[in-house]
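Given next are the chains, with one letter for each unit.
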Amino acid sequence: MQAIRVREFGEPDVMKVEEAPDLQAGDNQIVVQIQANGVNPVDTYIRSGTYAVKPDLPYTPGSDAAGTVSSIGSGIHHVQVGDRVYIAGSLTGSYASQALCTATQVHPLPDNISFAQGAGVYVPFATAYRGLFQRAKGVAGETVLVHGASGGVGTAAVQLARAAGLTVIGTAGSERGKTLVAEQGAHHVVSHHDADSAQQIMDITNGKGVNVILEMLADVNLDKDLRMLAHGGRVVVIGNRGTIEINPRDAMARDAAILGMVLLLAPPEDIAGIHAGLRAGLENGSLNPVVGQELPLADAPRAHVAVMEPGAYGKIVLIP
Ligand code: NAP
(Lines give C-alpha, C1' and ligand atoms only; values in the text may rest on other atoms or scores of the structure.)
Protein backbone atom coordinates (compact mmCIF):
# COMPACT_ATOMS: atom_id res chain seq x y z
CA MET A 1 0.00 0.00 0.00
CA GLN A 2 0.93 3.64 -0.34
CA ALA A 3 0.69 6.09 2.54
CA ILE A 4 1.63 9.68 3.23
CA ARG A 5 4.02 9.72 6.17
CA VAL A 6 4.93 12.74 8.29
CA ARG A 7 8.28 12.23 10.03
CA GLU A 8 8.56 15.76 11.47
CA PHE A 9 6.00 18.54 12.03
CA GLY A 10 6.34 21.52 9.71
CA GLU A 11 5.47 22.94 6.31
CA PRO A 12 3.28 20.99 3.83
CA ASP A 13 6.31 19.35 2.17
CA VAL A 14 6.96 17.22 5.28
CA MET A 15 4.23 14.96 3.80
CA LYS A 16 5.86 12.30 1.59
CA VAL A 17 4.39 9.20 -0.08
CA GLU A 18 5.97 5.97 1.18
CA GLU A 19 5.43 2.28 0.45
CA ALA A 20 4.17 0.32 3.45
CA PRO A 21 3.06 -3.30 4.05
CA ASP A 22 -0.60 -4.09 3.35
CA LEU A 23 -2.81 -3.86 6.43
CA GLN A 24 -4.38 -6.88 8.16
CA ALA A 25 -7.70 -6.77 10.03
CA GLY A 26 -7.60 -8.09 13.60
CA ASP A 27 -10.66 -8.98 15.69
CA ASN A 28 -13.35 -6.29 15.44
CA GLN A 29 -11.35 -4.47 12.78
CA ILE A 30 -11.90 -3.60 9.12
CA VAL A 31 -9.44 -2.82 6.34
CA VAL A 32 -10.75 -0.36 3.77
CA GLN A 33 -9.22 -0.06 0.29
CA ILE A 34 -9.37 3.70 -0.14
CA GLN A 35 -10.50 5.34 -3.39
CA ALA A 36 -10.51 8.96 -2.18
CA ASN A 37 -9.24 10.88 0.87
CA GLY A 38 -10.83 14.06 2.23
CA VAL A 39 -8.65 17.05 3.15
CA ASN A 40 -9.75 19.12 6.15
CA PRO A 41 -8.22 22.31 7.60
CA VAL A 42 -7.51 20.47 10.88
CA ASP A 43 -5.14 18.15 8.97
CA THR A 44 -2.94 21.22 8.29
CA TYR A 45 -3.02 22.38 11.92
CA ILE A 46 -1.91 18.91 13.11
CA ARG A 47 0.80 18.62 10.42
CA SER A 48 2.26 22.00 11.39
CA GLY A 49 2.66 20.83 15.02
CA THR A 50 0.74 23.81 16.40
CA TYR A 51 -2.51 21.98 17.25
CA ALA A 52 -3.55 20.80 20.72
CA VAL A 53 -3.54 17.20 19.45
CA LYS A 54 -0.08 15.99 18.41
CA PRO A 55 0.19 12.42 17.10
CA ASP A 56 3.35 10.41 17.74
CA LEU A 57 5.77 10.66 14.80
CA PRO A 58 5.83 9.29 12.20
CA TYR A 59 2.13 9.40 11.39
CA THR A 60 -0.27 9.33 8.44
CA PRO A 61 -2.63 12.35 8.37
CA GLY A 62 -6.35 12.42 7.68
CA SER A 63 -9.62 11.18 9.10
CA ASP A 64 -11.95 11.17 6.07
CA ALA A 65 -11.99 8.70 3.18
CA ALA A 66 -14.20 6.42 1.11
CA GLY A 67 -13.58 3.10 -0.60
CA THR A 68 -14.46 -0.57 -0.34
CA VAL A 69 -14.08 -3.07 2.49
CA SER A 70 -11.14 -5.34 1.62
CA SER A 71 -11.04 -7.52 4.76
CA ILE A 72 -12.84 -7.89 8.08
CA GLY A 73 -11.87 -9.51 11.37
CA SER A 74 -14.11 -11.66 13.54
CA GLY A 75 -16.93 -9.79 15.24
CA ILE A 76 -17.71 -7.51 12.28
CA HIS A 77 -21.29 -7.90 11.05
CA HIS A 78 -22.52 -4.51 9.75
CA VAL A 79 -20.37 -4.52 6.58
CA GLN A 80 -19.01 -7.22 4.28
CA VAL A 81 -15.98 -7.51 2.02
CA GLY A 82 -16.67 -5.50 -1.16
CA ASP A 83 -19.13 -3.05 0.45
CA ARG A 84 -18.81 0.62 -0.47
CA VAL A 85 -18.11 2.63 2.69
CA TYR A 86 -17.01 5.98 4.05
CA ILE A 87 -14.83 6.19 7.14
CA ALA A 88 -15.02 8.45 10.16
CA GLY A 89 -11.44 8.28 11.35
CA SER A 90 -9.17 5.24 11.44
CA LEU A 91 -6.41 3.65 13.48
CA THR A 92 -3.79 4.27 10.79
CA GLY A 93 -4.63 7.61 9.08
CA SER A 94 -6.61 8.14 5.90
CA TYR A 95 -4.06 9.73 3.48
CA ALA A 96 -3.22 6.28 2.13
CA SER A 97 -4.48 3.57 -0.18
CA GLN A 98 -5.64 1.47 2.81
CA ALA A 99 -6.88 2.25 6.32
CA LEU A 100 -7.36 0.00 9.36
CA CYS A 101 -10.58 0.92 11.19
CA THR A 102 -12.66 -0.06 14.19
CA ALA A 103 -16.26 -1.15 13.63
CA THR A 104 -17.75 2.23 14.55
CA GLN A 105 -15.47 4.09 12.13
CA VAL A 106 -16.89 2.38 9.01
CA HIS A 107 -20.26 3.34 7.50
CA PRO A 108 -22.12 2.23 4.38
CA LEU A 109 -21.85 4.62 1.42
CA PRO A 110 -25.03 4.75 -0.68
CA ASP A 111 -24.59 3.86 -4.37
CA ASN A 112 -25.68 7.35 -5.49
CA ILE A 113 -22.69 8.97 -3.73
CA SER A 114 -19.29 8.71 -5.49
CA PHE A 115 -16.13 7.76 -3.60
CA ALA A 116 -14.81 11.33 -4.00
CA GLN A 117 -18.03 12.63 -2.44
CA GLY A 118 -17.82 9.96 0.27
CA ALA A 119 -14.42 11.37 1.25
CA GLY A 120 -16.25 14.60 2.10
CA VAL A 121 -18.93 13.11 4.33
CA TYR A 122 -17.60 12.65 7.83
CA VAL A 123 -15.88 15.76 9.18
CA PRO A 124 -17.80 18.35 7.12
CA PHE A 125 -21.30 16.88 7.35
CA ALA A 126 -21.01 15.55 10.90
CA THR A 127 -19.71 18.94 12.06
CA ALA A 128 -22.51 20.80 10.30
CA TYR A 129 -25.11 18.34 11.66
CA ARG A 130 -23.83 18.57 15.20
CA GLY A 131 -23.64 22.35 15.07
CA LEU A 132 -27.08 22.88 13.57
CA PHE A 133 -29.15 20.18 15.27
CA GLN A 134 -27.35 18.97 18.40
CA ARG A 135 -25.73 22.21 19.63
CA ALA A 136 -27.99 24.99 18.28
CA LYS A 137 -31.10 22.78 18.17
CA GLY A 138 -32.21 24.47 14.95
CA VAL A 139 -35.74 23.60 13.82
CA ALA A 140 -37.92 24.09 10.76
CA GLY A 141 -39.20 27.65 10.43
CA GLU A 142 -36.08 29.22 11.96
CA THR A 143 -33.50 31.24 10.05
CA VAL A 144 -29.85 30.14 10.02
CA LEU A 145 -26.84 32.14 8.91
CA VAL A 146 -24.10 29.84 7.63
CA HIS A 147 -21.22 32.26 8.06
CA GLY A 148 -18.70 30.74 5.66
CA ALA A 149 -20.92 28.58 3.45
CA SER A 150 -18.65 27.91 0.45
CA GLY A 151 -16.30 25.32 2.01
CA GLY A 152 -16.69 21.77 3.26
CA VAL A 153 -18.65 22.41 6.46
CA GLY A 154 -20.57 25.35 4.99
CA THR A 155 -21.91 23.57 1.90
CA ALA A 156 -22.92 20.66 4.15
CA ALA A 157 -24.68 23.02 6.55
CA VAL A 158 -26.62 24.71 3.75
CA GLN A 159 -27.83 21.35 2.43
CA LEU A 160 -28.79 20.07 5.90
CA ALA A 161 -30.58 23.25 6.91
CA ARG A 162 -32.45 23.58 3.63
CA ALA A 163 -33.64 19.96 3.81
CA ALA A 164 -34.80 20.50 7.40
CA GLY A 165 -37.02 23.46 6.56
CA LEU A 166 -34.96 26.38 7.84
CA THR A 167 -34.56 29.63 5.93
CA VAL A 168 -30.89 29.66 4.93
CA ILE A 169 -28.60 32.67 4.53
CA GLY A 170 -25.12 31.68 3.37
CA THR A 171 -21.97 33.74 2.92
CA ALA A 172 -18.96 33.34 0.63
CA GLY A 173 -15.95 35.46 -0.27
CA SER A 174 -15.82 34.95 -4.05
CA GLU A 175 -18.41 35.22 -6.84
CA ARG A 176 -17.83 31.55 -7.66
CA GLY A 177 -18.37 30.67 -4.01
CA LYS A 178 -21.56 32.72 -3.85
CA THR A 179 -22.95 30.88 -6.88
CA LEU A 180 -22.05 27.55 -5.25
CA VAL A 181 -23.82 28.49 -2.02
CA ALA A 182 -26.99 29.41 -3.92
CA GLU A 183 -26.79 26.10 -5.82
CA GLN A 184 -26.68 24.21 -2.49
CA GLY A 185 -30.07 25.65 -1.57
CA ALA A 186 -29.38 28.89 0.31
CA HIS A 187 -32.36 31.25 0.04
CA HIS A 188 -30.09 34.29 0.34
CA VAL A 189 -26.36 34.73 -0.35
CA VAL A 190 -24.16 37.54 0.98
CA SER A 191 -20.42 38.25 0.60
CA HIS A 192 -18.68 38.15 3.98
CA HIS A 193 -16.24 40.73 2.61
CA ASP A 194 -18.92 43.40 2.06
CA ALA A 195 -18.51 46.17 4.62
CA ASP A 196 -22.28 46.21 5.12
CA SER A 197 -22.78 42.42 5.21
CA ALA A 198 -24.32 42.55 8.71
CA GLN A 199 -26.83 45.18 7.57
CA GLN A 200 -27.68 43.09 4.48
CA ILE A 201 -28.40 40.11 6.76
CA MET A 202 -30.55 42.20 9.11
CA ASP A 203 -32.48 43.53 6.10
CA ILE A 204 -33.11 39.97 4.84
CA THR A 205 -34.70 39.16 8.22
CA ASN A 206 -36.72 42.41 8.24
CA GLY A 207 -34.66 43.60 11.19
CA LYS A 208 -35.47 40.60 13.40
CA GLY A 209 -32.07 38.91 13.16
CA VAL A 210 -31.29 35.24 12.67
CA ASN A 211 -32.10 32.41 15.09
CA VAL A 212 -28.91 30.43 14.52
CA ILE A 213 -25.43 31.29 13.26
CA LEU A 214 -22.96 28.55 12.29
CA GLU A 215 -19.67 30.45 12.47
CA MET A 216 -16.61 29.33 10.49
CA LEU A 217 -14.29 32.21 11.50
CA ALA A 218 -15.25 33.36 14.98
CA ASP A 219 -12.12 35.43 15.65
CA VAL A 220 -13.23 37.72 12.82
CA ASN A 221 -17.01 37.61 13.18
CA LEU A 222 -18.20 36.77 16.70
CA ASP A 223 -18.64 40.37 17.81
CA LYS A 224 -20.90 41.29 14.89
CA ASP A 225 -22.60 37.86 15.00
CA LEU A 226 -24.03 38.69 18.44
CA ARG A 227 -25.70 41.80 17.03
CA MET A 228 -27.24 39.79 14.14
CA LEU A 229 -29.02 37.34 16.48
CA ALA A 230 -32.77 37.37 17.10
CA HIS A 231 -34.10 37.06 20.65
CA GLY A 232 -33.11 33.61 21.95
CA GLY A 233 -30.55 33.24 19.15
CA ARG A 234 -27.65 30.79 19.25
CA VAL A 235 -24.23 31.14 17.64
CA VAL A 236 -22.18 27.98 17.28
CA VAL A 237 -18.43 28.51 17.11
CA ILE A 238 -17.24 25.91 14.59
CA GLY A 239 -14.10 27.58 13.19
CA ASN A 240 -11.75 29.93 15.03
CA ARG A 241 -8.15 30.96 14.34
CA GLY A 242 -7.39 33.62 16.96
CA THR A 243 -8.87 35.90 19.60
CA ILE A 244 -11.57 38.57 19.46
CA GLU A 245 -13.11 41.17 21.75
CA ILE A 246 -16.89 40.96 22.19
CA ASN A 247 -19.41 42.94 24.19
CA PRO A 248 -21.23 40.38 26.39
CA ARG A 249 -24.13 42.83 26.67
CA ASP A 250 -24.99 42.02 23.03
CA ALA A 251 -25.66 38.43 24.13
CA MET A 252 -27.48 39.49 27.33
CA ALA A 253 -29.80 41.84 25.46
CA ARG A 254 -31.01 38.97 23.26
CA ASP A 255 -31.08 36.06 25.74
CA ALA A 256 -28.51 34.66 23.34
CA ALA A 257 -26.14 31.71 23.68
CA ILE A 258 -22.59 31.26 22.40
CA LEU A 259 -21.99 27.54 21.94
CA GLY A 260 -18.58 26.02 21.27
CA MET A 261 -18.09 22.64 19.64
CA VAL A 262 -15.37 20.22 18.64
CA LEU A 263 -16.65 17.22 16.71
CA LEU A 264 -14.05 14.92 18.30
CA LEU A 265 -15.56 15.62 21.73
CA ALA A 266 -19.09 14.50 20.77
CA PRO A 267 -20.21 11.46 22.78
CA PRO A 268 -20.56 8.14 20.91
CA GLU A 269 -24.36 8.13 21.11
CA ASP A 270 -24.50 11.56 19.49
CA ILE A 271 -22.09 10.43 16.76
CA ALA A 272 -24.26 7.37 16.09
CA GLY A 273 -27.28 9.65 15.69
CA ILE A 274 -25.35 11.88 13.31
CA HIS A 275 -24.39 8.95 11.04
CA ALA A 276 -28.01 7.76 10.98
CA GLY A 277 -29.21 11.24 10.01
CA LEU A 278 -26.53 11.64 7.34
CA ARG A 279 -27.25 8.21 5.85
CA ALA A 280 -30.93 9.12 5.41
CA GLY A 281 -30.03 12.40 3.71
CA LEU A 282 -27.40 10.79 1.45
CA GLU A 283 -29.85 8.07 0.43
CA ASN A 284 -32.75 10.41 -0.30
CA GLY A 285 -30.56 12.82 -2.27
CA SER A 286 -30.98 15.87 -0.05
CA LEU A 287 -27.28 15.61 0.90
CA ASN A 288 -24.81 15.70 -1.96
CA PRO A 289 -21.19 16.46 -0.96
CA VAL A 290 -19.51 19.01 -3.25
CA VAL A 291 -16.09 18.01 -4.60
CA GLY A 292 -14.31 21.12 -5.86
CA GLN A 293 -10.90 19.62 -6.63
CA GLU A 294 -9.36 16.15 -7.00
CA LEU A 295 -5.57 15.77 -6.70
CA PRO A 296 -3.28 12.72 -6.65
CA LEU A 297 -2.25 11.52 -3.17
CA ALA A 298 1.33 12.66 -3.80
CA ASP A 299 0.00 16.23 -4.13
CA ALA A 300 -1.06 16.32 -0.47
CA PRO A 301 1.32 19.28 0.14
CA ARG A 302 -0.45 21.25 -2.61
CA ALA A 303 -3.82 20.32 -1.13
CA HIS A 304 -2.74 21.62 2.29
CA VAL A 305 -1.79 24.98 0.78
CA ALA A 306 -5.04 25.16 -1.20
CA VAL A 307 -7.36 24.32 1.71
CA MET A 308 -6.07 27.33 3.65
CA GLU A 309 -6.43 29.79 0.76
CA PRO A 310 -9.46 32.07 0.26
CA GLY A 311 -12.01 31.18 -2.40
CA ALA A 312 -13.26 27.88 -0.93
CA TYR A 313 -15.32 25.68 -3.25
CA GLY A 314 -16.56 22.54 -1.49
CA LYS A 315 -14.04 19.81 -0.75
CA ILE A 316 -10.51 19.04 -1.90
CA VAL A 317 -9.95 15.27 -2.17
CA LEU A 318 -6.82 13.19 -2.77
CA ILE A 319 -6.92 10.14 -5.03
CA PRO A 320 -4.46 7.36 -4.09
P1 NAP B 1 -12.95 25.30 4.23
O2 NAP B 1 -13.54 24.28 3.31
O3 NAP B 1 -11.54 25.76 4.02
O4 NAP B 1 -13.93 26.59 4.20
C5 NAP B 1 -13.61 27.76 4.93
C6 NAP B 1 -14.83 28.65 4.90
O7 NAP B 1 -14.59 29.82 5.69
C8 NAP B 1 -15.15 29.12 3.49
O9 NAP B 1 -16.55 29.12 3.30
C10 NAP B 1 -14.60 30.53 3.51
O11 NAP B 1 -15.20 31.36 2.52
C12 NAP B 1 -15.02 30.93 4.90
N13 NAP B 1 -14.47 32.23 5.30
C14 NAP B 1 -13.32 32.82 4.93
N15 NAP B 1 -13.26 34.07 5.44
C16 NAP B 1 -14.41 34.27 6.13
C17 NAP B 1 -14.96 35.36 6.87
N18 NAP B 1 -14.29 36.52 7.00
N19 NAP B 1 -16.17 35.20 7.43
C20 NAP B 1 -16.87 34.04 7.31
N21 NAP B 1 -16.40 32.98 6.64
C22 NAP B 1 -15.19 33.10 6.05
O23 NAP B 1 -13.03 24.78 5.74
P24 NAP B 1 -14.18 23.86 6.41
O25 NAP B 1 -13.77 22.46 6.31
O26 NAP B 1 -15.48 24.30 5.89
O27 NAP B 1 -14.02 24.32 7.94
C28 NAP B 1 -14.39 25.63 8.33
C29 NAP B 1 -13.74 25.94 9.68
O30 NAP B 1 -14.30 25.10 10.67
C31 NAP B 1 -12.22 25.70 9.71
O32 NAP B 1 -11.62 26.68 10.54
C33 NAP B 1 -12.10 24.34 10.35
O34 NAP B 1 -10.86 24.15 11.01
C35 NAP B 1 -13.26 24.38 11.32
N36 NAP B 1 -13.81 23.07 11.69
C37 NAP B 1 -14.11 22.87 12.99
C38 NAP B 1 -14.67 21.68 13.40
C39 NAP B 1 -15.04 21.50 14.83
O40 NAP B 1 -15.24 20.35 15.27
N41 NAP B 1 -15.22 22.58 15.60
C42 NAP B 1 -14.88 20.66 12.47
C43 NAP B 1 -14.59 20.91 11.12
C44 NAP B 1 -14.06 22.13 10.74
P45 NAP B 1 -14.40 31.94 1.23
O46 NAP B 1 -13.21 31.06 0.99
O47 NAP B 1 -15.43 31.86 0.15
O48 NAP B 1 -14.02 33.33 1.60
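Keep in mind the model is a prediction, meaning the values are calculated, not measured.

A. Examining the sheet that holds strand S10 (residues 188–191) more closely. Read across the sheet, six strands follow the order S10-S9-S8-S11-S12-S13 without closing on themselves; strand pairing throughout is parallel. At either end of the open sheet lies a strand with only one pairing partner, and these are S10 and strand S13 (257–260). Strand-to-strand twist of the sheet, defined as the mean angle between neighbouring strand axes without regard to direction, takes the value 20 degrees. Taken together, the five bridges between strand S11 (residues 210–215) and strand S12 (residues 229–237) define a ladder with parallel strand orientation. For Val210, the partnering residue across the bridge sits in S12 and is Leu229.

B. The pattern of salt bridges, seen in detail. The tally for this structure, following the rule as stated, stands at eight salt bridges. A salt bridge links Arg227 to Asp250; the shortest N-O distance between them is 3.3 Å. With a gap of 23 residues between them, Arg227 in helix H7 (residues 218–227) and Asp250 in helix H8 (residues 248–252) connect regions that are remote in the sequence. The residue Glu283 makes a salt bridge to Arg279 at a minimum N-O spacing of 3.1 Å. Residue Glu283 and its partner Arg279 are located together in helix H9 (residues 268–284), separated by four residues, close to a single helical turn. The partly exposed category is assigned to Glu283, whose relative accessible area is 47%. Bridged by salt links that share partners, the residues Asp223, Arg227 and Asp250 form one connected network.

C. Representation of the site of the ligand in the model. Neighbouring the ligand are 27 residues; Tyr45, Ser150, His192, Leu263 and Ala312 lie closest to it. Contact distances for the ligand include 3.0 Å between a nitrogen atom and a backbone N or O atom of Ile238. Met261 places a main-chain nitrogen or oxygen 2.8 Å from a nitrogen atom of the ligand. Here the ligand loses 88% of its free accessible area of 930 Å² to cover by the protein chains. Going through the elements one at a time, helix H1 (41–48), helix H3 (122–135) and helix H4 (152–163) are the ones with two or more residues in the shell around the ligand.

D. How the structure looks around the domain arrangement of the protein chain. Under the domain assignment used here, the protein chain contains domain 1 (2–121 + 289–319) and domain 2 (124–264). Summarising the inter-unit geometry, the C-alpha centres of domain 1 and domain 2 are found 28 Å apart. Listed per partner, the contact involves 14 residues of domain 1 and 15 residues of domain 2. Contact between domain 1 and domain 2 buries roughly 1100 Å² in total, counting both sides, with carbon and sulfur atoms accounting for 57%. A per-residue breakdown of the area domain 1 buries against domain 2 is headed by Val290, Ala312 and Tyr313, which together make up 41% of the total. At the boundary of domain 1 and domain 2, one finds zero salt bridges. Here domain 1 and domain 2 share three residue pairs in polar contact (both at pLDDT 80 or more) between them. Taken together, the residues of the side of domain 1 that touches domain 2 sort by class into eight nonpolar, four polar and two charged.

The rules we used
- Every chain is numbered on its own, with residues counted from 1 as its sequence reads.
- Totals for whole chains, interfaces and linings use all residues, but because this is a predicted model, local features are given only for residues with pLDDT of at least 70 and pairs of side-chain atoms are given and counted only at 80 or more.
- In computing side-chain properties, one takes all heavy atoms of the structure into account and sets aside hydrogens as well as water.
- In this description, strands pair whenever DSSP reports at least two bridges between them.
- Here a strand is any run of E in DSSP of at least two residues, a helix any run of H or I of at least four, and the numbering for each starts at the N terminus.
- Each axis is a line fitted through C-alpha atoms, taken for helices only over the stretch in contact, and angles between the N-to-C directions span 0 to 180 degrees.
- A pairing counts as a salt bridge when a side-chain nitrogen of Lys or Arg comes within 4 Å of a carboxyl oxygen of Asp or Glu.
- Only protein chains enter the area calculation, which uses a 1.4 Å probe; residues under 20% of their type maximum are buried, those over 50% are exposed, and those in between are partly exposed.
- The nearness test applies per residue and asks whether one of its heavy atoms lies within 4 Å of the molecule or strand.
- N or O atoms closer than or at 3.5 Å make up a polar contact, with two conditions inside protein: a donor-capable atom paired with an acceptor-capable one, and, for residues adjacent in sequence, both atoms drawn from side chains.
- Only the protein chains shown count as cover for residues, and all accessible areas are computed by the Shrake-Rupley method using a 1.4 Å probe.
- Here the limits of each domain have been adopted from an automatic or database domain assignment.
- In what follows, residue pairs with any heavy atoms lying within 4.5 Å of each other are defined as contacts.
- Accessible area that two parts lose when put together, with a 1.4 Å probe and added across both, is what the buried area reports.
- The classification used treats Ala, Val, Leu, Ile, Met, Phe, Trp, Tyr, Cys and Pro as nonpolar, Asp, Glu, Lys and Arg as charged, and all other residues, Gly among them, as polar.

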